[in-house]
Amino acid sequence: MTDRYAVIGHPVAHSLSPRIHTRFARQTGQDLRYEAILAPLEGFSTTVRAFVDSGGRGMNVTVPFKEQACRLASRLSERARLAGAANTLMVDAEQIVGDNTDGIGLVRDIVNNLAHGIAGQRILVLGAGGAARGVVHPLLEQRPHSLVIANRTAERAQLLVAACAGLPLAPTSCGFGDLAGRSFDIVINATSVGLADTALEIPVGIFAKGCLAYEMVYGKNTPFMHLARNAGATVSDGLGMLVEQAAEAFLLWRGIRPETAPVLGELRSEGA
Ligand code: ATR
């Protein structure tokens, strides 16, 4: 019988996940069907339960339900626990297991697809919300030289730093105003401003020579990307991260890692 998977979100119609997973399934010869399910804002857990009851084997979770997915899971991976959010759910003997593949997706995109090592690099993460929280630990695991979390509201960046207590490398926090005179080898925009087309109040000097500027949003040229390009940085949107987090979820569900490069290439050529 064909196994069923889905992405659950609100909104969800724009999601590329069905296209990505359908291609992964074809490529690896896996018999599965993957759909997009719109959950009512107040009905996430009901939607998950209904999908599981109807035979669903796994789910991706997107905005705004990742924190709820973390609470709903009866078991959590360490990386989901550290992120405080789950983007991947697996049904295992009637139990729902939560994981988070966003951070490893970002790391794999930077290291493998963009060929920019993270070890020894000075990293700046802009933003301290859910998106930032999901990627900070996996970035730290790559042993960068340093990691600074800068946020419009500096106190929120401090809270995220506090949540990293006990890790081998301690990140530091600051407000955007404290970035003047500092430069970084990798700058990651994990704020939500890219979605709104708003410019960030950041100094152009933050992009060191050879810097990689990474925008987590995909499918558009954001003001952050424009600023970074003008400052001479190598710029990437977040499409590769999306495909890599999906591949990691596919691996968890099916035990086989799909090739990401052809799928990423196809999506790019289709204008994603
Ligand atoms: P997400 O889950 O997408 O990270 P979130 O948890 O609401 O969403 O976090 C949004 C992030 O974008 C925060 O870091 C937020 O900064 P504040 O903590 O100061 O609110 C940041 N952000 C949103 N709009 C912004 C803007 N206009 N300028 C700068 N930062 C902004």
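Structure: above.
Here the structure is a predicted model, which means the values were calculated and not measured.

1. Things to note about the sheet that holds strand β4 (residues 75-76)
Pairing in this open sheet of six strands is mixed, and the strands run β2-β1-β3-β5-β6-β4 from one edge to the other. Each having just a single partner strand, β2 (32-38) and β4 make up the two edges of the open sheet. Where strand β5 (residues 88-92) meets strand β6 (residues 95-99), five bridges bridge the pair, whose relative direction is antiparallel. Across the sheet, the residue bridging to Val91 is Ile96, located in β6. Relative to the sheet, helix α1 (residues 17-28) contacts β1 (3-9), β2 and β3 (56-61), its axis offset from that of β2 by approximately 175°. Running over the sheet, helix α10 (residues 239-254) touches β1, β2, β3, β5 and β6 and is turned about 5° from β5.

2. As for the pairing of β5
It is a general feature of regular strands that their side chains alternate between the two faces of the sheet. Counted residue by residue, β5 has four buried out of five residues, so it is predominantly covered. In the sheet, β3 pairs with β5 via three bridges, with the strands oriented antiparallel. Note that in β5 the partner of Met59 across the bridge is Leu89. Linking β5 to β6, which pair antiparallel, is a turn of two residues; within it Ala93 sits at a positive phi near 45°.

3. So, α10
An ideal rise of 1.5 Å per residue puts 22 Å on 16 residues; α10 measures up with 22 Å between its terminal C-alpha atoms. Here α10 lies mainly inside the structure; 13 of its 16 residues are buried. Just beyond α10, the residue with positive phi is Gly255, at close to 75°.

4. Quick look at the sheet that holds strand β12 (residues 234-236)
Taken in spatial order, the six strands make up an open sheet running β9-β8-β7-β10-β11-β12, and their pairing is parallel. What marks the edges here is a single partner per strand, and that holds for β9 (172-175) and β12. With strand direction ignored, the average angle separating the axes of adjacent strands in the sheet is 20°. Looking at chain direction, strand β7 (residues 122-126) and strand β8 (residues 146-151) are connected through five bridges and run parallel. Bridging from a neighbouring strand, Arg122 pairs with Ser146 of β8. Relative to β9, helix α7 (residues 154-162) is tilted by about 175°, and along the sheet it contacts β8 and β9. Helix α9 (residues 223-230) contacts β7, β10 (184-189), β11 (207-215) and β12 of the sheet and is inclined by roughly 165° relative to β11.

5. Some details on the nonpolar core
Core analysis: the biggest nonpolar cluster contains 24 residues, and Leu106, Ile110, Ile123, Leu139 and Ile188 have the highest contact counts within it. Among all residues touching Ile188, those that are not within four sequence positions of it are Leu106, Ile110, Ile123, Leu124, Val125, Leu126, Leu139, Tyr214 and Met216. Listed in part, the 22 residues of the second largest apolar core include Val12, Ala25, Val263 and Leu264.

6. Considering unusual backbone geometry
At the junction of His10 and Pro11, the peptide bond is cis and its omega measures out at 5° in the coordinates. Residue placement: Pro11 occurs in the loop between β1 and α1. Put simply, Val63 and Pro64 share a cis peptide bond, and its omega is 0°. Secondary-structure assignment places Pro64 in the loop between β3 and α3 (66-72). Even without being glycine, Ala115 reaches a positive phi, approximately 50°. The phi dihedral of Asp197 is positive, around 65°, even though this residue is not glycine. For Asp197, the location among the structural elements is in the loop between α8 (193-196) and β11. Accessibility expressed as a relative area gives 48% for Asp197, which makes it partly exposed.

7. Here we look at the packing of helix α5 (residues 102-113) against helix α6 (residues 130-141)
Where α5 meets α6, the axes come as close as 7 Å, and the angle between the chain directions of the two elements is 55°. When the interaxial angle is binned, α5 and α6 end up oblique. Handedness of the α5/α6 crossing: right-handed. In this structure, α5 uses Asp102, Gly103, Ile104, Leu106 and Val107 to contact α6, whose residues at the interface are Gly134, Val135, Pro138 and Leu139. Residue composition of the contact of α5 with α6, by class: six nonpolar, two polar and one charged.

Conventions adopted
- Residues numbered from 1 in each chain as written.
- Predicted model: local features only at pLDDT ≥ 70, side-chain atom pairs only at ≥ 80, totals over all residues.
- Heavy atoms only, no water.
- Pairing = 2+ DSSP bridges.
- Helix = DSSP H or I, 4+ residues; strand = E, 2+ residues; numbered from the N terminus.
- Contact = heavy atoms within 4.5 Å.
- Axes fitted to C-alpha atoms, helices over the stretch in contact; angles between N-to-C directions.
- Buried < 20%, exposed > 50% of the residue type's maximum accessible area, 1.4 Å probe, protein only.
- Expected span 1.5 Å × (residues − 1).
- Core = buried A, V, L, I, M, F, W, Y, C linked by side-chain atoms within 4.5 Å.
- Parallel < 35°, antiparallel > 145°, perpendicular 65-115°, else oblique.
- Left-handed = near helix turned anticlockwise from the far one by under 90°.
- Nonpolar A, V, L, I, M, F, W, Y, C, P; charged D, E, K, R; others polar.

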